[in-house]
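Coordinates in review
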Amino acid sequence: YYVPKIYCRGPNPAPQREDLLAQHVLLGPMEWYLCGEDPAFGFPKLEQANKPSHLCGRVFKVGEPTYSCRDCAVDPTCVLCMECFLGSIHREHRYRMTTSGGGGFCDCGDTEAWKEGPYCQKHELNTSETAEEEDPLVHLPEDMVVRAYNIFAITFKYAVDILTWEKENELPGLEMIEKSDTYYCMLFNDEVHTYEQVIYTLQKAVNCTQKEAIGFATTVDRDGRRSVRYGDFQYCDQAKSVIVRNTSRQTKPLKVQVMHSSIVAHQSFGLKLLTWLGSVIGYSDGLRRILCQVGLQEGPDGENSSLVDKLMLYDSKLWKGARNVYHQLFMSSLLMDLKYKKLFAIRFARNYRQLQRDYMEDDHERAVSVAALSVQLFTVPTLARMLITEENLMTTIIKTFMDHLRHRDIQGRFQFERYTALQAFKFRRVQSLIVDLKYVLISKPTEWSDDLRHKFLEGFDAFLELLKCMQGMDPITRQVGQHIEMEPEWEAAFTLQMKLTLVISMMQDWCALDEKVLIEAYKKCLTVLMQCHSGFTDGEQPIVLSMCGHSVETIRYCVSQEKVSIHLPVSRLLAGLHVLLSKTEVAYKFPELLPLSELSPPMLIEHPLRCLVLCAQVHAGMWRRNGFSLVNQIYYYHNVKCRREMFDKDIVMLQTGVSMMDPNHFLMIMLSRFELYQIFSTPDYGKRFSTENTNKDVVQQNNTLIEEMLYLIIMIVGERFSPGIGQVNATDEIKREIIHQLSIRPMAHSELVKALPEDENRETGMESVIEEVACFKKPGLTGRGLYELKPECARNFNLYFYHFSRAEQSKAEEAQRKLKRQNREDTALPPPALPPFCPLFASLVNILQSDVMLCIMGTILQWAVEHNGYAWSESMLQRVLHLLGMALQEEKQHLENLSEENVVTFTFTQKISRPGEAPNNSPSILAMLETLQNAPHLEVHKDMIRWILKTFNTIKKLRESSSTSPVAETEGNIMEESSRDKDKAERKRKAEIARLRREKIMAQMSEMQRHFINENKELFQQTLEELDTSTSGVHENSPVISDAKLTALGPEQTRVAEHRQVVMCILCQEEQEVKVDSRAMVLAAFIQRSTVLSKNRNKTTPDPEKYDPLFMHPDLSCGTHTGSCGHIMHAHCWQRYFDAVQAKEQRRQQRLRVHTSYDVENGEFLCPLCECLSNTVIPLLPPPRVLFNRLDFSGQPNLTQWIKTISQQLKGLYLLRDEDSASNSGNSEKMDQLQLPEGFRPDFKPKNPYSESIKEMLTTFGTATYKVGLKVHPNEEDPRVPIMCWGSCAYTIQTIERILADEDKPLFGHLPCRQDDCLTSLTRFAAAHWTVSSLPAVQAHFCTLLASLVPNEKNGNLPCILDIDMFHLLVSLVLSFPAIHCQDFSGVSLGTGDLHLFHLVTMAHIIQILLTSSTEENGMDQENTNSEEEVAVLTLYKFLCQCTGSALKEISSGWHLWRNLKAGIMPFLRCSALFFHYLNGVPAPSEIQGTVCFVLAFQDISIYGQNELESYLYARESNKLIDLPDDYSCLINQASNFSCPKSGGDKSRAPTLCLVCGTMLCSQSYCCQTELEGEDVGACTAHTYTCGSGVGIFLRVRECQVLFLAGKTKGCFYPPPYLDDYGETDQGLRRGNPLHLCKERFKKIQKLWQQHSITEEIGHAQEANQTLVGIDWQHL
Ligand SMILES: [Zn+2]
Ligand SMILES: [Zn+2]
Ligand SMILES: [Zn+2]
Ligand SMILES: [Zn+2]
Ligand SMILES: [Zn+2]
Ligand SMILES: [Zn+2]
Ligand SMILES: [Zn+2]
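Residues numbered from 1 in each chain as written. Chains lettered and ligands numbered in written order. Predicted model: local features only at pLDDT ≥ 70, side-chain atom pairs only at ≥ 80, totals over all residues. Heavy atoms only, no water.

1. Remarks on the overall build of the chain
- On a plain count of helices and strands, the chain comes out with 60 helices and 25 strands.
- Once local pairs closer than 6 in sequence are excluded, the contacts in the chain between residues at least 24 apart make up 76%.
- Surface exposure of the chain reaches about 74,700 Å², of which carbon and sulfur atoms provide 51%. (Helix = DSSP H or I, 4+ residues; strand = E, 2+ residues; numbered from the N terminus. Contact = heavy atoms within 4.5 Å. Areas by Shrake-Rupley, 256 points an atom, 1.4 Å probe, with all protein chains shown as cover.)

Next comes the structure, spelled out in structure tokens:
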């Protein structure tokens, strides 16, 4: 009754009010009833009485970090929460870290999940008094048990009933009390429609704003439903029909329901109740068990009528929010109670088919489906075993899977060819069943019951049925004549194969564990294989092949003409089982139980052989017309993801075949399938073949096929590193893989992992052996750590390793030969020694000495000897040599391992010494080899042939020593020796030639160098000079000590010898001198707004049109930085280049809308030499001061006099200006009254000394600074232009001073060239800029600036001196001063003015510091040495106190003040030193101590005294990026606790951390988009505008990726500063290795930021990778 009165009273939900009322009216009383007392006492009591669980069970939030131990977890799905992990032993193990996708819970305390250390410290305590099967109900009072039963039964049932209720207008079992006409139009979520579609539709349907629509859409996506309209039925129904109409055009319409408000209200309350139940059972295990009982109790309708069943079966019809709520309840109740977990698992297994069917119909992600709970149940080993034996789960899963793949061809095989979109969608969903099957199989049984055997084999049967449907699927036929028209569908079949790969492997693992099961499985598999191929060999014509006196019967079949399929899972499974027979020795123990006699080797090998021949033919180019799909299939067939159950097993099957049949027969069949039988069986065929002028393509094809066939034989004999085939163990296998990977090149850990197959636990087994075969090399500042092959492992290198791709093979060959040359060894790469075969495969080696084999080898050698025509290739010979080598190795090993009673049956050496029989009369193989050794055209193979002959002799000796006494040197040996000598001589000669050539080249080069120096003598001298000056700078770097010789400032300024500066244009390569009257030379430059030095990031940016930048606030919240790559061009060359770029861009944009890394419309371009992003150019100028310095007379005024004069001059100027504006209204009288200082001529207009071209560039750069710095439209007339130029100069110097200070580098001589050049030009430019701007404007600026220090009556309303950055003030004053000085002809030098200005500003700065320094003394002044400075400071301070009244505290000692002053003024002095150095071109710095100025009379100081004393610390610390934690998981955890600030507590999908200020943002999401300059931008872009004036550095926490942003269109990703133990980053957190902060790399990022190089970095990244340009960075 109360429910509708509380819930859903209006169009919008009011959750707080509703919850409050519900708690008060509805839930509160139930809690009272349950506890029998005030729940505020009752619940804590329960909690206390409860024996806390030893299971953690914490349910993961989206994005929360989870940990799995690679050493101890039973399977990778066993995870710990962060808290448990930190308290567990696994911290010290090899662990893996991932972020949770939500759902799932912590497995801490689950003894079945961990091989070791199942408890963390916290949960261990709870296990002390374990009585596992104790009924938790005994802890509860009896009456409470009864009450709990009642209340749980009622509430749970109510909730289930109402949630599963389908009518829109009635209530279940309840009267509609309030039959009011209030309805909701409820919109449901689906995964078909996009956000945009939904938002657009909603705007139309319910007339809402875009913002509201976004809100609705976000909630629908999150909760699964949201009412979009409230009102009477008609009103809602109308909206519904609009939505349905609008969304049904292409797809099925959005689901919309018009529901009565009472129903919605009850449903809301139902959900609330479920949450409430979840929290109540949290208090006590007893209550939890009661709830479980209630939930699983069968209802009146029998099977499937329990509440739990009902919910599960209704799952796919529920909306997302409701599903989440009840899944949570299940996890905290059923899955936490061991007894009921089992019962629930049974219910789940029984409903499995139905649940999967529902899931298949549903379109929601798996994470929100109840089907996803399978991982919680099936991965528990005992449960899985129980479900297999009692519920026949394996069979159920496989059969369910088969049910969903109904599309078959006539033979009953799967067919994916004509899949519709819907079928493809279902196919994707059905794959989750394979994952379930994997879960069930993942823990292998330690002991077998008969029941388990029985049920497993039943499942195996079902599995074979599945494989049978795959055997031979997607068959292909070679396309001749025309190219295929449509690429056939192949991906589905391979997806299936890939997904099943692990399951197939696990099936075999299970079989290996029990002999009986293995035997049965083998039999079953064989039967199925025979079923598959009965009828295969029928219908095809039998033929007889014969060669070398052997003959065999087979069928006529050509891969190139008939159907062939790559998919042979049944054959391959049998091959796998066959190996297991050998490995487990079942084959020897119970031969009578095995159907070995039924095996027909030709039948077994037929299909795998066809498949391998297909690969060979594709490689030979015979299948070109079949398109790319085939190429892709072949690729995957060999790929590491599939090969274990495809390619590898085909080789095994051939090995099985050969070991069971006459190798001659095998080879003949093989020749026939390769379609090469004719060539080798007919004598002289080769000869005829080569002389005939047959089609060159065919010959080429045959050559490749022969090569491929030889390669296949090498693999069949050589690949014996799987346990069961050769006598090896699993580590040998993995070691061999690693050795061969590293033979190609050194590799990073992750590269190796990728190249190795993973098992079901995602392990490769690499870590355990890597140390034995490789050394680790740590990474530097970039790049990653690498493993390098140990040199001693090189001898295990096999050139024909079967997992090499062609490219890898040739790379490895090259690398290994190079290595051998470096070690001064011969370059032969002989086959490595191999382990012996297992007995079951032992007879396989005979293939090497079989007659047909010898015939093939002989034929090819013969061709090589004859060396005629092109029907022969070197790689053919190389392979034959390799085979010969293998055979010899084999024989040698046989001899070495010879025991008494054994007879050596392997007599290869004898056979190859025998000459061919009549009618051929060909020479013996050995003889041919000896001939070839001296063949001139086989230089590369000589070393190998020599190695073969040597081995041959060794074997001969071995044989002889075992039989008779040693004989003298054999002929071969002598021959070998002599040939070796000859060879040595030849090599020496070649080396000599090479040496001579090298010397000649060196001589030529040094000649050229000399020539160059002569030609460019001037240039060289100049560089030498420059070198000199910069070294002198290094010596005098202490700014406080004044230097008598060099003075950069004042009338005594050192005159620098003016040297000519000649520079070269990078565009036209012409040289030119930098002079005032010549054409302008410019530097490419990039201006940007910067907040790198900001001490106040919250400042709101003022309106750029009105903002007055004359005074910079000391918080430096936003400055203008200028940088340059230092490349020089002619102004006109640049102009031409820029115009060309602009024109090209315009054309390009018209044609296709390509983005570029630079924005031409904003004046951006790339430096033509280094592609550095630039947006303007700075003109190069000679030192400008020299131009305006006139004769100086000896008597220079002192400061007081100077100020007086200047003030008078200014007054005069003011009057003049007033006069102008008031036009002759009697001001001339005043003019007369005022005595103009001597020599001051205010009407004088100075002449601009610069050439037109330079003037133009001065304007260009000035305007650019103004435009970028203020973010306004360019206006060269604006009086703020010069201010911005001075500001940029001051700011750039400040940033550079900070960088130098941070790195503890001296002020001079340590700047990179480009920065040095940039600062020189920038300072000189800023000093010259006044010549192109309006004189009165600059004069007015000077007046105002000066007035801030020397007040006059004209300029009121100036900032307090505490609010002025003094360095900016100094620069502006000094640079605007010439505008006044140029009209002064009294003979006072410009330098005097500079000096006085400097004194004045320094003094002001000292006062700033003194006024704001903290004056606590802390008893620190132990030092009582009252030095001169301290006394002076104290005097000044006392004077200040007098002026300001009581605002300052009395201080007795000056020591503390002096210390503050020194620290505070240092950055200013250092900046000033840089400034005057660049301004006046005086090489070494000189500083005047601030204390000199104490004599200054500052009568007006009291004016400022009244102002508030804000505390700016003047020893401003450099800004750093935020501190990052060492362990990356801390960040993940931080991010998982972060929720979107806009959508009320919702978890953010892409939490992103600003590295500048540490703010966490909700990036890349609709919810946090804001409008910026009329465009919607994501949270990051919006943040950059407040935090970094457009530039930002972020860390995307989920992706572990650094993000650089600049403006709205520029961005790039940058490697994060986190590395794993193998020195690699993990972008995207895919591998999950623990990550730790690499301080050096973080510093590097910080430096990029401090140097303002972020934008440049983005530019380079975008130029290098065009795809970055297309990303919508502004949405991040
Ligand atoms: Zn935990
Ligand atoms: Zn724990
Ligand atoms: Zn562990
Ligand atoms: Zn040029
Ligand atoms: Zn450049
Ligand atoms: Zn958000
Ligand atoms: Zn920030």
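2. Considerations on the coordination of the zinc ion (ligand 3)
- Around the zinc ion (ligand 3), the protein supplies Cys69 (SG), Cys72 (SG), His90 (ND1) and His93 (ND1) as donor atoms, at distances of 1.9 to 2.2 Å.
- Geometry at the zinc ion (ligand 3) is tetrahedral, judged from the four donor atoms that bind it and their angles of 99 to 117 degrees at the metal.
- Sequence positions of the residues that donate to the zinc ion (ligand 3) give the spacing C-x2-C-x17-H-x2-H. Remark: histidine 93 occurs in the loop between α4 (82-86) and β2 (95-101) and cysteine 72 occurs in the loop between β1 (62-69) and α4; sequence separation between them is 21 residues.
- Taking the relative accessible area as the measure of exposure, cysteine 72 reaches 2% and is therefore buried. (Donors = N, O, S within 2.8 Å, 3.2 Å for Na, K, Ca; no water. Tetrahedral: all angles 85-135°; square planar, octahedral: opposite > 155°, others 65-115°. Buried < 20%, exposed > 50% of the residue type's maximum accessible area, 1.4 Å probe, protein only.)

3. Considerations on the pattern of salt bridges
- Per the stated rule, a full pass over the model turns up 54 salt bridges.
- Glutamate 520 is the partner of lysine 523 in a salt bridge, and the nearest nitrogen-oxygen pair spans 3.7 Å. Taken together, the residues lysine 523 and glutamate 520, both in helix α22 (residues 515-533) and three residues apart, mark about one turn of the helix.
- Note on lysine 523: relative accessible area 30%, which makes it partly exposed.
- The residue glutamate 737 makes a salt bridge to arginine 643 at a minimum N-O spacing of 3.5 Å. Here glutamate 737 is found in helix α32 (residues 730-744), whereas its partner arginine 643 is found in the loop between α26 (627-638) and α27 (647-660), with 94 residues between them in sequence.
- The class of glutamate 737 is buried, set by a relative accessible area of 8%.
- You can call arginine 643 buried: its relative accessible area is 5%. (Salt bridge = Lys/Arg side-chain N within 4 Å of Asp/Glu carboxyl O.)

4. Comments concerning the sheet that holds strand β22 (residues 1601-1606)
- Read from one edge of the open sheet, five strands run β18-β17-β21-β22-β23, paired in antiparallel fashion. Of all the strands in the sheet, the pair left with one neighbour each is β18 (1560-1562) and β23 (1610-1614). Averaged over all pairs of adjacent strands, the angle between strand axes in this sheet comes to 30 degrees, irrespective of strand direction.
- Bridge count between strand β21 (residues 1591-1596) and β22: six bridges; the pairing is antiparallel. (Pairing = 2+ DSSP bridges. Axes fitted to C-alpha atoms, helices over the stretch in contact; angles between N-to-C directions.)

5. Some words on the sheet that holds strand β12 (residues 1081-1090)
- Here three strands make up an open sheet; going across it, the order is β13-β12-β16 and the pairing antiparallel. Taken across any chain shown, the strands that pair with only one partner, and hence form the sheet edges, are β13 (1119-1130) and β16 (1176-1179). The sheet shows a mean angle of 40 degrees between the axes of neighbouring strands, taken without regard to direction.
- Of the strand pairs in this sheet, β12 and β13 are connected by nine bridges, and their pairing is antiparallel. Looking at the pairing, arginine 1089 lines up with threonine 1120 of β13.
- On the sheet, helix α48 (residues 1280-1302) packs against β12 and β13 and is oriented at approximately 90 degrees with respect to β13.
- Packed onto the sheet, helix α49 (residues 1313-1328) meets β12, β13 and β16 and runs at close to 105 degrees relative to β13.

6. Examining unusual backbone geometry
- In this model, aspartate 474 sits at a positive phi of 45 degrees, which is unusual for a non-glycine residue.
- Residue class for aspartate 474 comes out buried when judged on its relative accessible area of 14%.
- Residues other than glycine seldom take positive phi values, yet arginine 824 does so here, at roughly 55 degrees.
- Looking at where arginine 824 falls in the secondary structure, it is placed in the loop between α35 (806-822) and α36 (851-866).

7. Looking at the confidence of the model for the chain
- For the chain, per-residue confidence averages 80 on the pLDDT scale, and 82% of positions sit at 70 or higher.
- Per-element averaging of pLDDT across the chain places helix α55 (residues 1502-1505) at the bottom with 32 and α27 at the top with 94.
- Long-range and interchain partners of residues 1015-1046, a stretch whose pLDDT sits below 50, account for 32 contacts in this model, where long-range means more than four residues apart.
- Confidence drops under a pLDDT of 50 for residues 1416-1422, and excluding neighbours within four residues, the segment shows seven contacts in the predicted structure. (pLDDT = per-residue confidence, 0-100.)

8. Points about the pairing of β23
- A large share of β23 lies buried, amounting to four of its five residues.
- In this sheet, β23 lies alongside β22 in antiparallel orientation, the contact comprising five bridges. Across the sheet, residue leucine 1605 finds its bridge partner in β23, namely glycine 1611.
- Between β22 and β23, which pair antiparallel one after the other, the connecting turn spans three residues, and glycine 1607 there sits at a positive phi close to 65 degrees.

9. With respect to the packing of helix α25 (residues 601-619) against helix α28 (residues 663-673)
- Axis separation between α25 and α28 bottoms out at 10 Å; the angle between their running directions is 45 degrees. One way to sum up the angle between α25 and α28 is to call them oblique. As α25 runs across α28, the sense of the crossing is right-handed. In contact with Ile605, Glu606, Leu609 and Val613 of α25, α28 contributes Phe666, Ile669, Met670 and Arg673. (Parallel < 35°, antiparallel > 145°, perpendicular 65-115°, else oblique. Left-handed = near helix turned anticlockwise from the far one by under 90°.)

10. Describing the environment of glutamate 1070
- Topologically, glutamate 1070 is positioned in the loop between β10 (1062-1064) and β11 (1071-1073).
- For glutamate 1070, a relative accessible area of 41% corresponds to the partly exposed category.
- Along the chain, glutamate 1070 and methionine 1129 lie 59 residues apart, while their C-alpha atoms are 9.3 Å from each other.
- In this view, glutamate 1070 contacts Val1063, Met1064, Cys1065, Arg1079 and His1130; residues no more than four positions away in its chain are not counted.

11. So, α32
- With 15 residues, α32 ought to run about 21 Å at 1.5 Å a step, and its terminal C-alpha atoms sit 22 Å apart, in line with that.
- Residues of α32 that are buried sit in contact with α31 (696-718), α33 (749-755), α34 (767-773), β8 (774-777), β9 (786-789) and α35. (Expected span 1.5 Å × (residues − 1).)

12. A word on the packing of helix α11 (residues 285-296) against helix α14 (residues 338-350)
- Direction vectors running N to C along α11 and α14 enclose 20 degrees, while the axes themselves pass 10 Å from each other. Compared by their axis directions, α11 and α14 come out roughly parallel. Pair α11 / α14 crosses with left-handed handedness. Residue-level inspection shows Arg289, Cys292, Gln293 and Leu296 of α11 in contact with α14, the latter providing Lys339, Tyr340, Leu343, Phe344 and Arg347.
- Taken together, the residues that form the contact of α11 with α14 break down as five nonpolar, one polar and three charged. (Nonpolar A, V, L, I, M, F, W, Y, C, P; charged D, E, K, R; others polar.)

13. Some words on the side chain of serine 1536
- Looking at the element boundaries, serine 1536 is found in helix α56 (residues 1528-1536).
- Filtering out sequence-adjacent residues up to four positions away, serine 1536 remains in contact with Lys61, Val62, Gly63, Glu64, Pro65 and Lys1547.

14. Some thoughts on the packing of aromatic side chains
- Applying the stated rule across the entire model yields 44 aromatic pairs.
- Their ring planes at 50 degrees and their centres at 6.3 Å tell us that phenylalanine 344 and phenylalanine 348 sit as a pair that is tilted. Residue phenylalanine 344 and its partner phenylalanine 348 are located together in helix α14, separated by four residues, close to a single helical turn. Summarising the burial analysis for this pair, phenylalanine 344 and phenylalanine 348 share the class buried.
- Aromatic side chains tryptophan 1134 and phenylalanine 1138 sit 5.6 Å apart centroid to centroid with 20 degrees between the ring planes, which places their arrangement in the stacked category. With a gap of four residues between them, tryptophan 1134 and phenylalanine 1138 both fall in helix α43 (residues 1131-1151), about one helical turn apart. Side by side, tryptophan 1134 and phenylalanine 1138 carry an identical accessibility label, which is buried.
- A connected cluster of aromatic rings, assembled from ring pairs, spans Tyr326, Phe330, Phe344, Phe348, Tyr352 and Phe378.
- Directly above the aromatic system of tryptophan 319 lies the positively charged group of arginine 225, at a separation of 3.5 Å from the ring centroid.
- The ring of tyrosine 359 carries the charged tip of arginine 366 above its face, separated from the ring centre by 5.5 Å. (Phe/Tyr/Trp six-rings, centres within 6.5 Å; stacked < 30°, edge-to-face > 60°. Lys NZ or Arg CZ within 6 Å of the ring centre and 35° of its normal.)

15. Notes on the state of the cysteines
- Tallied over the full model, the rule gives zero disulfides.
- With no disulfide of its own, cysteine 855 lies closest to cysteine 548 among cysteine sulfurs, the gap being 4.0 Å.
- Cysteine 855 gets classed as partly exposed once you look at its relative accessible area, which sits at 21%. (Disulfide = S-S within 2.5 Å.)

16. Some points on the nonpolar core
- Phe152, Phe456 and Leu884 are the most contacted members of the largest nonpolar core, which has 258 residues in total.
- Those residues within four positions of phenylalanine 456 in sequence are excluded, and the remaining contacts are Met394, Leu441, Trp448, Met507, Trp510, Cys511 and Val517.
- Judged by nonpolar contacts, the second largest core, of 122 residues, contains Ala1328, Phe1342, Cys1382 and Tyr1437. (Core = buried A, V, L, I, M, F, W, Y, C linked by side-chain atoms within 4.5 Å.)

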